[in-house]
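Architecture and fold: a report
Each chain, written out:
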Amino acid sequence: LEEFSRRIAAAPDDADSRERQSFSQKVLIEINVAEESSKSGIAIDDLPRFLDEAQALPNIQIRGLMCMPPLGLSSDKAQRFFERVRNERDRHTAR
């Protein structure tokens, strides 16, 4: 989250960036739902704050959430991680 905010704040405010203001980037937010240190993504507890900050950016369109469950799980166990992300999506879409 801090890295995302830092990069946005560091964006240049010049003619080139003003030309890009009409550009809109569609993004997926990766959730590190299993809290694995080997994977990147937003901690699920940081999602509300991250969404608030990202939605305030005029050129960002959040299209959805994504996750990568830990390797080696059965499909039933992996499904629980996807369900958790879906529940977060539903909760944040309703607000």
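Residues numbered from 1 in each chain as written. Predicted model: local features only at pLDDT ≥ 70, side-chain atom pairs only at ≥ 80, totals over all residues. Heavy atoms only, no water.

Between side chains of opposite charge, a pair can form as their charged atoms come close. A complete count under the given rule lists four salt bridges for this structure. Close ionic contact of K39 with E36 constitutes a salt bridge, the shortest N to O distance being 2.9 Å. Residue K39 is classed as partly exposed on the basis of its relative accessible area of 24%. A salt bridge links R49 to E53, with the nearest nitrogen and oxygen atoms 3.6 Å apart. Taken as a pair, R49 and E53 lie in helix α3 (residues 47–55) at a separation of four residues, close to a single helical turn. We classify E53 as partly exposed; its relative accessible area is 31%. (Salt bridge = Lys/Arg side-chain N within 4 Å of Asp/Glu carboxyl O. Buried < 20%, exposed > 50% of the residue type's maximum accessible area, 1.4 Å probe, protein only. Helix = DSSP H or I, 4+ residues; strand = E, 2+ residues; numbered from the N terminus.)

Nonpolar side chains in soluble globular proteins generally cluster together in the buried interior. Core analysis: the largest hydrophobic core is formed by eleven residues, namely I29, I31, V33, I42, I44, L47, F50, L51, A54, C67 and V85. Elements that contribute at least two residues to this core include exactly β1 (25–31) and α3. (Core = buried A, V, L, I, M, F, W, Y, C linked by side-chain atoms within 4.5 Å.)

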